[in-house]
Amino acid sequence: MNFIDKAFESNLSGDDFLQAMADIYSEPEVREILDKYPQFVKDVILIIDYDYEIQMEGLDNVIYGHFGEQLPEILKAMDNCGASNEADVLRQAKAMTPEEYDENYDVLCDKLAIHNDYESFWDLVRNYIDASLNA
């Protein structure tokens, strides 16, 4: 039984479920079977990955680095949970030429949830979890 199964079995919700999904880093092999779970589970894990990446490596790695390959899925996950403002900033950054991106880097970063109402961003994710579990 993996951490996702345990979260469902324990009837976790909201922040407890969110915290349980952070165990993806101790059980990375679970990524290979995420399709067997409801979409919101994969979305939450993608958002956790995004958050980790933005904090540790920054916007450059999300837009242009190896993590950028996952950007379409991350955008969908953010849209699914209602974090469309964050997704829009990433879309804007991705649509820019490298020169425009460099010129607007600070403005883009200032718009990210991590530099604004970070708690509200995570409230959207927690509410998405609760709504998905109660659907």
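These remarks concern the structure in this document. Just so it is clear, the model here is predicted, and its values are computed rather than measured. Residue numbers here run from 1 along each chain, matching the order of that chain's written sequence. Thresholds applied to this predicted model are a pLDDT of at least 70 for local features of residues and 80 or more for the giving and counting of side-chain atom pairs; totals over whole chains, interfaces and linings are not thresholded and use all residues. Hydrogen atoms and water are omitted, and side-chain values are computed over all heavy atoms in the structure.

Moving on: the pattern of salt bridges. Salt bridge, as used here, is a side-chain nitrogen of Lys or Arg placed within 4 Å of a carboxyl oxygen of Asp or Glu. What the rule picks out here adds up to eight salt bridges. Across the pair Arg31 and Asp49 runs a salt bridge, and its minimum N-O distance is 2.6 Å. You can see Arg31 sitting in the loop between helix 2 (14–21) and helix 3 (39–56) and its partner Asp49 sitting in helix 3, a full 18 residues away along the chain. With a closest N to O distance of 2.7 Å, Asp123 and Arg126 form a salt bridge. Residue Asp123 and its partner Arg126 are located together in helix 8 (residues 118–133), separated by three residues, close to a single helical turn. The class of Arg126 is buried, set by a relative accessible area of 14%. Among the ionic contacts, a cluster of salt bridges with common partners joins Asp15, Glu119, Asp123 and Arg126. Numbering goes from the N terminus for both helices and strands, where a helix is a DSSP run of H or I of at least four residues and a strand is a run of E of at least two. For the exposure calls, accessible area comes from a 1.4 Å probe over protein chains only, and a residue counts as buried if that area is under 20% of its type's maximum, exposed if over 50%, partly exposed in between.

Let us now look at a negative patch on the surface. Exposure above 30% relative accessible area and the lack of any salt bridge qualify a residue for a patch; like charges then connect within 9 Å, and the nonpolar side chains Val, Leu, Ile, Met, Phe, Trp and Tyr within 5 Å. For the area figures, the Shrake-Rupley method with a 1.4 Å probe applies, and any residue is considered shielded solely by the protein chains shown. Think of it this way: Lys and Arg go in the positive column, Asp and Glu in the negative one, and His and the chain ends go nowhere. One atom stands in for each charge, and that atom is NZ of Lys, CZ of Arg, CG of Asp or CD of Glu. A cluster of acidic residues, Asp60, Glu99, Glu100, Asp102 and Glu103, forms a negative patch at the surface. Among the elements that line the negative patch, the one with the most residues is helix 7 (residues 98–111), at four residues. Mapped onto the secondary structure, Asp102 falls in helix 7. Residue classification places Asp102 among the exposed positions, given a relative accessible area of 57%.

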